[in-house]
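A look at the structure
This is what each chain is made of:
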Amino acid sequence: MFKDKFEFKRDFTQRVVELYGRSVEQSHITERYIVLGEMVRDYASIHWKENKEAIAQLEAKQMFYFSMEFLIGRLMTNNLMNLGIYDIVRDGLKELDIDLNQLEDMESDAGLGNGGLGRLAACFLDSLASKSLPGHGNCIRYEYGLFKQRIVDGAQVEVPDQWLRLGNVWEVRKPKHAVDVKFWGRIEMVKRDDGRIAFNQVDCEHIRAVPYDMPIVGKSTDTTNTLRLWSAEASDILPANKDFRQYITEVREICQNVYPDDSTEHGRYLRLKQQYFFVSAGLIAYFKAHLRVYPSLDNLPEKVVFQLNDTHPVLAIPEMMRLLMDEYDYDWDSAWALVNQSIAYTNHTVMAEALEKWPVHFVQMLLPRIYMIIEEINRRFVEQVKVDFPEDDGLIKRVSIIKDGQIHMANLAIVSSMSVNGVAKLHTEILKNDVMKDFYKIFEAKFNNKTNGITHRRWLVYSNPQLKSLLDKTIGDDYVYQPEHLLNLMKHVNKKKLQKDFLKVKQERKEILAQYIKQVTGIELDTKSIFDVQAKRLHAYKRQLLNVMHIIYLYQKLKSDPNFTMYPRSFIFAAKAAPAYYFAKKVIRLIHAVADKVNNDPRISQFMKVVFIPNYNVSIAEILMNAADVSEQISTAGKEASGTGNMKFMMNGALTLGTLDGANVEIHEHVGSEYDIIFGMKVEDIEDLKQKGYDAWAVLNNDLELKAVVQSFVDGSFSTNIEEFRVIYDELMFRNDEYYLLQDFRAYVEAQQEVERRYLDKEYWARMCLVNIAQSGFFSSDRTIQEYADEIWKIRPISD
């Protein structure tokens, strides 16, 4: 383990020679990157070993976070910083005539997810390790990421995201911990000598699950936790009734990419297969590890908790029952008691269409024993509901796990878990009072809120060194270790020099972003303009379309009224649309069509420009979030569970322009209306409107400017093919404006006008940004994780 730059240079030079048989001077940049990554991983492995030994010695309770996604981004900078060796490595490489930044740029963003769900999971891992809490991740080692987004003629084109092209320098393959996972087949019931029934899955397909472990390094702590990624390989037990080549193909596709296309039956089976594969492997491996330390599984609730991140890992519940009963000889009641006390569930959506359901015959065929267990959980639950609530005849139908030929995964999670949490105050209240109100009536004590958070280390300390330097000079660096100390900035927000210095920092970050945008899109932005940013997965309820409609409104205003003027604005979008989501892909096409008109008009482009940054990922977010002046958080009230992008923008000093939705509610509580801009209908307004009846055509016909905006979708304003954007027009007008864009449009225009008024007052604007930064400590994932640890997981730090 090197202690200074001299030892580092010696070790680095030696590793290059040993690994590639050449000198540092002759080595290729990819070879240098791989050597550095492996050296850093090995450096972390010392603590990794000690961490595992300490957990066993202390018999500490651990948490395992089961999630289909872990969007961990690049780890080189993060690990060097957390280990405290960044300067040693940078200086040592410099003396070898190597630029560390170039090696950092060689790393691909890990293709382990899609959006906020995976980014949240990654933030949690960072906070767990940094707070010395024994918590680990469990996921799939996807061969390809979701997809790499290219823009061709203004349209999204998906190409493979080959994130493993240079391998993964952080992982260690652990074949000794490989396990077999079973699919298909049938169940034979055999009476045992003791009178109990044994359930044997026969004629099944075995797939080998091999773990690849990645160290998760904490900041300035000896704690190094584990992210375990499972890869599918052929088992030694081959299927008797299947062609070998077909079997190999089926094995490989399990880990091919996250969220395979589910528009076909094969694709849906594959998704179900993925979900069972990683939870089964994770549980089998943990039970074996547990028994290496303890004599039995009786003490599971005292030693482990499995947190299910959304419904994708919910098959862990029946799988844990199967293992306990079929493999470890527990009876139903004893197994159920252990499951009930060891599994917790996080809900991430209030949208009915996003609450996972699986056709009964899918689970019966693919996972026959698992289906039997789910059926029995449902039978026992329904019988108990009959006893406890005899007066409510409809309750059983509403809360059943199996109904209408489908298995409702959220229902299974709620019935079986010890804790059910939402991810923002508003979201949790909607769960309790609307979406899951029947379950709240039955299991009131299970429900709780854990507002999401972000790791301030990645999203402020490491990605915005200019702001970190300013904060260090102003309030010291205690906030790096205890983010709540950002509140100390409130004592300084009125200081004129600090305000000027902050604006200089923001200007520098805007110039860095503008340079990147010029490089990838060819569009040159005025860095003195307002950088208005909306960066998130493209979906109708997130209302990127509302943003575009406002841009069209401004464009039409500038074209029709020679006296109309505005402060220069740069509208910046970054988003991926799901490959099969036709509407979302059309919105991306519309953004580019509007951008072409706006950016190529000599007069209009003086006032505004429109940019779409392709292939949005964690690394792009790290230069985008800290350059924003305005954070667009404009989802339909009641639809966004929490959001974490809003927190990242806030932490870097951007104004939240948003609806009262998700965590925007809590941001508003912290900064107040003086330092954010909230517009549009609230949840209760939408409910009232639904009761009264909503007529999108009436709203449109009462606002001529709005009507002109909507008409531009189908009058050839932005395409020579007038049918090009017909689907967008129809979405608004013939689905009765499902997400209330028309209803909120005028309020949004007024909110945007308020943005400009505030921006022109530089003293106010700087103070506002500083207040947002000061208040953002609450939204650190360190706070969120501590709440989980204290209230749900009951885990404690394993070192000081």
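Above this text is the structure in question.
Small disclaimer: the values here were computed from a predicted structure and weren't measured.

Conventions we followed
- Residues numbered from 1 in each chain as written.
- Predicted model: local features only at pLDDT ≥ 70, side-chain atom pairs only at ≥ 80, totals over all residues.
- Heavy atoms only, no water.
- Pairing = 2+ DSSP bridges.
- Helix = DSSP H or I, 4+ residues; strand = E, 2+ residues; numbered from the N terminus.
- Axes fitted to C-alpha atoms, helices over the stretch in contact; angles between N-to-C directions.
- Parallel < 35°, antiparallel > 145°, perpendicular 65-115°, else oblique.
- Contact = heavy atoms within 4.5 Å.
- Nonpolar A, V, L, I, M, F, W, Y, C, P; charged D, E, K, R; others polar.
- Phe/Tyr/Trp six-rings, centres within 6.5 Å; stacked < 30°, edge-to-face > 60°.
- Lys NZ or Arg CZ within 6 Å of the ring centre and 35° of its normal.
- Expected span 1.5 Å × (residues − 1).
- Buried < 20%, exposed > 50% of the residue type's maximum accessible area, 1.4 Å probe, protein only.
- Salt bridge = Lys/Arg side-chain N within 4 Å of Asp/Glu carboxyl O.

As paired strands, strand β7 (residues 186-191) and strand β8 (residues 197-202) are joined by six bridges and run antiparallel to one another. From the neighbouring strand, Met189 faces β8, where its bridge partner is Phe199. The hairpin turn running from β7 into β8, its antiparallel successor, is five residues long, and Gly195 in that turn takes a positive phi close to 95 degrees.

Contact geometry for helix α21 (residues 496-521) and helix α32 (residues 762-775): axes closest at 9 Å, N-to-C directions at 85 degrees. One way to sum up the angle between α21 and α32 is to call them roughly perpendicular. Taken together, the residues of α32 that come into contact with α21 (itself represented by Lys496, Leu498, Gln499, Phe502 and Leu503) are Lys762, Glu763, Trp765, Ala766, Arg767, Cys769, Leu770 and Ile773. The residue makeup of the contact of α21 with α32, split by class, is eight nonpolar, one polar and four charged.

Before going further, it helps to examine the sheet that holds strand β19 (residues 569-574). Here six strands make up an open sheet; going across it, the order is β20-β19-β18-β21-β22-β23 and the pairing parallel. Lying at the two open borders of the sheet, with one neighbouring strand each, are β20 (608-613) and β23 (677-678). With four bridges joining them, strand β21 (residues 630-633) and strand β22 (residues 655-658) adopt parallel strand pairing. Looking at β22, one finds that Glu632 is bridged to Leu657. Sheet strands in contact with α21 are β18 (530-535), β19 and β20, and its direction is about 70 degrees off that of β20.

Residue position: Leu283 is located in helix α8 (residues 265-293). When neighbours within four sequence positions are excluded, Leu283 is seen to be in contact with Phe66, Phe306, Ala316, Glu319, Met320 and Leu323.

Let us now look at the packing of aromatic side chains. Aromatic ring pairs: the centre-centre distance and the angle between the two ring planes describe each pair. Counted according to the given criterion, the structure contains 33 aromatic pairs. With a centroid separation of 5.7 Å and 75 degrees between ring planes, the pair formed by Tyr65 and Phe124 is classed as edge-to-face. Taken together, the positions of Tyr65 in strand β1 (residues 62-66) and Phe124 in helix α6 (residues 116-130) put the pair 59 residues apart, joining distant regions of the chain. Within the aromatic cluster, the residues linked to one another by ring pairs are Phe64, Phe66, Phe278, Tyr286, Phe287, Phe306 and Tyr328. Across from the ring centre of Trp48, 5.4 Å away, lies the NZ or CZ of Lys174, which sits over that ring. Lying over the aromatic face of Phe147, Lys576 brings its terminal NZ or CZ to 5.0 Å of the ring centre.

With that settled, the discussion passes to helix α22 (residues 544-560). Between its first and last C-alpha atoms α22 spans 25 Å; for 17 residues at 1.5 Å apiece the expected length is 24 Å, and the two agree. Most of α22 sits inside the fold, with 13 of its 17 residues counted as buried.

What follows is about unusual backbone geometry. With phi around 65 degrees, Asp97 is a residue other than glycine that occupies positive phi space. Residue placement: Asp97 occurs in the loop between α4 (86-95) and α5 (100-106). A relative accessible area of 70% means that Asp97 is categorised as exposed.

Here we come to the pairing of strand β3 (residues 148-152). Here five bridges tie β3 to strand β4 (residues 155-159), and the two strands are oriented antiparallel to one another. Within β4, the residue paired with Gln149 across the bridge is Glu158. A loop of two residues connects β3 with β4, the two strands running antiparallel in sequence, and Asp153 in this loop sits at a positive phi of about 55 degrees.

What follows deals with the pattern of salt bridges. Close approach of charged atoms allows side chains of opposite charge to pair. Throughout the structure, instances matching the rule amount to 66 salt bridges. A salt bridge links Arg15 to Asp42; the shortest N-O distance between them is 2.8 Å. Of this pair, Arg15 sits in helix α1 (residues 5-20) while Asp42 sits in helix α2 (residues 29-58), placing them 27 residues apart in sequence. We note a salt bridge from Arg783 to Glu787, for which the minimum N-O separation is 3.4 Å. Note that Arg783 and Glu787 are positioned in helix α33 (residues 781-793) at a spacing of four residues, about one turn of the helix. By relative accessible area, which is 16% here, Arg783 ends up buried. Salt bridges here are not isolated pairs; linked through shared partners, they connect Arg192, Asp194, Arg196 and Asp329.

Below, the discussion takes up the environment of Tyr582. On the secondary structure map, Tyr582 appears in helix α23 (residues 582-599). What makes Tyr582 exposed here is its relative accessible area of 53%. Separated by 388 residues in the primary sequence, Tyr582 and Asp194 have C-alpha atoms spaced 59 Å apart.

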